Amino acid sequence: MKVSLAGRLFNGFNTILLVVIGLVTLFPLYYVFVISFTEPHEYLMKNGFVLFPQHWSLVSYKYLLNTNAFKVAMLNSTFLATVGTGLSLIFSAAMAFGMSRKRLRGRKIMMMMVLLTILFNPGIIPNYIVVRDFGLINSIWSLIIPVLVSGWNVILMKSFFDSIPVELEDAAMIDGCTDLGTFFRVVLPLSAPALAAFGLFYAVAYWNTFFNAILYINDFAKVPLQVVLRNMLIESDTTTGGAAAVEMMSENQLPTQTLKMAAVVIATVPILAVYPFLQKHFAKGVMLGSVKG
């Protein structure tokens, strides 16, 4: 099919526009990456504007990874992303599967209660009072239990479980499986796409935990990585910033900016590395419930 001159001009304009938008979007990421690997003396010689470093260095990463407060914050975030994601998947899947079975009494009332949690947010103060009354203040579990189950994810997972034939459950019970046995041995293995998709959503949310940590955590040894990163980028405080944001006061100290950029890369790369392992299931998982057979 022959394309007219106007069509070719339109396609060319769109291509140029998308390339420009792509470059504008990717440049900050590229700059953060480059500065984090730039040798400190070169960074200072070029007044902080380096596009193509002549000397690459890992000194900023070594400094951060040898800082106890930064390492503790990374362990806290890793704990949240692993334990929190696992617990959230189990509880969300169990709740969604129960509501997808028609024999469950009160399932419509439960669905309305789940919808209410999506439509109406009680606010910061009621949430804080609940966490305080349960004795979770200054506990890392305060960052997991209050957000353990997402109502929106439960509804989407329910639509996936609706597509699983009831006959499979009946066959498992005939073979002697209990309800829990059917759930763990039959339903969950068939739900790999859904679990992969929602597991990624939960993992990203836990890894990026920030606001709740500021509200509920007073002990700096229990804060996640994002709080340390926030203090480094905004406050540049060596006490609350994980002893990583330091000013250039002598030759033995590193530029603050290279440390900040290295911290951003460290906080970003781990969660990005998870996606390739879930990619084969993710495409199916995001389409769950969209097609009824």
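So, a few notes on the structure that sits alongside this text.

Conventions and cut-offs
The written sequence of each chain sets the order in which its residues are numbered from 1. Selection of residues for local features in this predicted model requires a pLDDT of at least 70, selection of side-chain atom pairs for listing and counting requires 80 or more, and totals for whole chains, interfaces and linings are taken over all residues. Just so you know, side-chain values use all the structure's heavy atoms and leave hydrogens and water out. By the criteria applied, helices consist of DSSP H or I runs no shorter than four residues and strands consist of E runs no shorter than two, each listed in order from the N terminus. Only protein chains enter the area calculation, which uses a 1.4 Å probe; residues under 20% of their type maximum are buried, those over 50% are exposed, and those in between are partly exposed. Note on contacts: a residue pair is in contact if any heavy atoms of the two residues lie within 4.5 Å. Surface accessibility in these figures is a Shrake-Rupley result with a 1.4 Å probe; residues are shielded only by whichever protein chains are displayed. Salt-bridge detection follows one rule: a side-chain nitrogen of Lys or Arg within 4 Å of a carboxyl oxygen of Asp or Glu. Ring pairs shown here join Phe, Tyr and Trp side chains whose ring centres sit within 6.5 Å, with only the six-membered ring taken for Trp; geometry is labelled stacked below 30 degrees between planes, edge-to-face above 60, and tilted in between. Here, nonpolar core means buried Ala, Val, Leu, Ile, Met, Phe, Trp, Tyr and Cys residues that are tied together by side-chain atoms lying within 4.5 Å of each other. Patch rule: a residue counts if its relative accessible area is over 30% and it has no salt bridge; like charges are joined within 9 Å, and nonpolar side chains (Val, Leu, Ile, Met, Phe, Trp, Tyr) within 5 Å.

This part takes up the overall build of the chain. If you tally the helices and strands in the chain, you get 13 helices and zero strands. Secondary structure of the chain in N-to-C order comes out as α-α-α-α-α-α-α-α-α-α-α-α-α. When the 293 residues of the chain are sorted by exposure, 38% land in the buried category. Of the contacts made within the chain by residues no fewer than 6 positions apart, 68% connect residues no fewer than 24 positions apart. In the form shown here, the chain has an accessible surface area of approximately 17500 Å², with 69% of it arising from carbon and sulfur atoms.

The subject of this paragraph is helix H7 (residues 151-161). Here H7 lies mainly inside the structure; nine of its eleven residues are buried. Three or more residues of H7 are buried, namely Gly151, Asn153, Val154, Ile155, Met157, Lys158, Ser159, Phe160 and Phe161. Against helix H4 (68-100), helix H5 (107-119), helix H9 (179-190) and helix H10 (192-207) lie the buried residues of H7.

On to the pattern of salt bridges. Side-chain pairing between opposite charges can occur once the charged atoms of the two side chains come close. One pass over the structure, following the stated rule, counts two salt bridges. The closest approach of N and O atoms between Asp162 and Lys158, which form a salt bridge, is 3.1 Å. With a relative accessible area of 35%, Asp162 lands in the partly exposed category. Note on Lys158: relative accessible area 14%, which makes it buried.

The subject of this paragraph is the packing of aromatic side chains. Taken as a whole and assessed by the stated rule, the structure comprises 13 aromatic pairs. With a centroid separation of 6.1 Å and an interplanar angle of 25°, the aromatic rings of Phe27 and Tyr31 are classed as stacked. Highlighted residues: Phe27 and Tyr31, both in helix H1 (residues 5-37), separated by four residues, approximately one helical turn. On the basis of relative accessibility, which here comes to 39%, the residue Phe27 falls in the partly exposed class. Judged by centre distance (6.4 Å) and plane angle (55°), the ring pair of Tyr30 and Phe52 falls under tilted. Within this pair, whereas Tyr30 is found in helix H1, its partner Phe52 is found in the loop between helix H2 (40-45) and helix H3 (59-65), the two being separated by 22 residues in sequence. Through a chain of ring-to-ring contacts, the aromatic side chains of Phe97, Phe160, Phe161, Phe183 and Phe184 assemble into a single cluster.

Although it is not a glycine, Asn138 adopts a positive phi angle of roughly 65°. Relative accessible area serves as the criterion here: at 24%, Asn138 is assigned to the partly exposed category.

Moving on, we come to the side chain of Lys158. Inspection of the secondary structure puts Lys158 in helix H7. The contacts of Lys158, once residues within four sequence positions are left out, are Ala96, Met99, Ser100, Arg107 and Met111.

To continue, consider the environment of Ser88. Checked against the element boundaries, Ser88 lands in helix H4. Judged by its relative accessible area of 0%, Ser88 is buried. Distance from Ser88 to Gly199, taken between C-alpha atoms, is 8.3 Å for residues 111 residues apart in sequence.

The next subject is the nonpolar core. Counting residues in hydrophobic clusters, the biggest one holds 59 residues, and the most contacted among them are Leu64, Phe70, Leu143 and Phe161. Broken down by element, the residue count for this core peaks at nine residues, all from H4.

Attention now goes to a nonpolar patch on the surface. Where nonpolar side chains cluster on the molecular surface, the patch consists of Met112, Leu115, Leu116, Ile118, Leu119, Phe120 and Trp152 and spans about 740 Å² of accessible area. The biggest single contributor to the nonpolar patch is H5, with five residues.

Any functional reading would require information beyond the geometric quantities listed.
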